[in-house]
Amino acid sequence: MILRLVLIIFFFSPFTSAQNQISIDYLNNALKLNYLFIERSLNKSALNIEESSGKIFFNKSQLVVEILSPYKERYLINKTSIEIHDLDLDQKRIIDLNELNNSFINVLIHGIKENSPHYSVTNIEAETIELSFYDQSNPIKFFFKSGHLKLIRYTDSLEVEHGIELSLL
């Protein structure tokens, strides 16, 4: 009897886990929530880890990132530009997104599309989605735990590894 139960669980578990995979729509919805974050960056060439923390707010027209430590900064990101406010130095500058060409920011602003000409989407595990870019940019991984987006990992163009831990506000 116990052997039969173990066999049933063994044979049907792949189907159960496939049904519980995070969908692209679910990820896009999770990317539009408000979060507290801790971001850690590993610079392999300098052999140091930097940490920052803050809040991420999404609204219909823009993404607002407030860095609370180590420096106070605010980033207002919309479909065309990033407005950067250094609150400690009371300075502001605007960068055109077309000049930046940053895959990570593009995904945050435009969302993830299943049939994108720029990347492929893969469910690595039931609660992990990876974007692999066709232009050889480094992939972005989204990790969920108990159905909640908890971590985003990517390596930028300068080969600095980033891990962004998220907690819902």
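Further up the page is the structure itself.
Just so it is clear, the structure is predicted and the values come from calculations on it, not from any experiment. (Residues numbered from 1 in each chain as written. Predicted model: local features only at pLDDT ≥ 70, side-chain atom pairs only at ≥ 80, totals over all residues. Heavy atoms only, no water.)

Undergrad: Sorry if this is basic, but what is going on with the nonpolar core here?
TA: Among soluble globular proteins, nonpolar side chains are generally buried collectively. Counting residues in each nonpolar core, the largest one holds 35 residues, and the members touching the most others are Ile112, Phe142, Leu149 and Ile152. No other element matches helix 4 (residues 103-110), which puts five residues into this core. Not counting residues within four places of it along the chain, the set of residues in contact with Ile152 comprises Leu31, Phe104, Ile140, Lys141, Phe142, His162, Gly163, Ile164 and Leu166. (Core = buried A, V, L, I, M, F, W, Y, C linked by side-chain atoms within 4.5 Å. Buried < 20%, exposed > 50% of the residue type's maximum accessible area, 1.4 Å probe, protein only. Helix = DSSP H or I, 4+ residues; strand = E, 2+ residues; numbered from the N terminus. Contact = heavy atoms within 4.5 Å.)

Undergrad: I'm lost on the sheet that holds strand 5 (residues 81-86) in this one. Help?
TA: Each strand in a sheet pairs with another by means of backbone hydrogen bonds, the pair being arranged parallel or else antiparallel. Taken together, 11 strands build an open sheet; the order of strands is 6-5-4-3-2-1-11-10-9-8-7 and the sheet is antiparallel. Each edge of the open sheet carries a strand with a single partner, namely strand 6 (91-96) and strand 7 (119-125). Sheet twist, expressed as the average angle between the axes of neighbouring strands with direction ignored, equals 20°. One ladder, built from five bridges, connects strand 3 (residues 63-69) with strand 4 (residues 73-77); its direction is antiparallel. When the sheet's bridge partners are listed, Ile67 is paired in strand 4 with Glu73. (Pairing = 2+ DSSP bridges. Axes fitted to C-alpha atoms, helices over the stretch in contact; angles between N-to-C directions.)

Undergrad: Got a minute to help me understand the pairing of strand 7 in this structure?
TA: On any regular strand, side chains alternate: one points to one face of the sheet, the next to the other face. Relative to strand 8 (residues 128-133), strand 7 runs antiparallel, the two sharing six bridges. When the sheet's bridge partners are listed, Glu125 is paired in strand 8 with Thr128. The loop that links strand 7 with its antiparallel partner strand 8 comprises two residues.

Undergrad: Sorry if this is basic, but what is going on with unusual backbone geometry here?
TA: Backbone torsion omega between Ser69 and Pro70 reads 5°, so that peptide bond is classified as cis. Inspection of the secondary structure puts Pro70 in the loop between strand 3 and strand 4. Phi is positive for Gln136, which is not a glycine, with a value near 75°. Relative to the elements of secondary structure, Gln136 occurs in the loop between strand 8 and strand 9 (140-145). Taking relative accessible area as the criterion, Gln136 reaches 69% and is therefore assigned exposed. A positive phi angle is found at Glu159, which is not glycine, with a value near 65°. Position of Glu159 relative to the elements: it lies in the loop between strand 10 (148-155) and strand 11 (160-168). By relative accessible area, which is 48% here, Glu159 ends up partly exposed.

Note that all results are geometric; they support no functional claim without further evidence.
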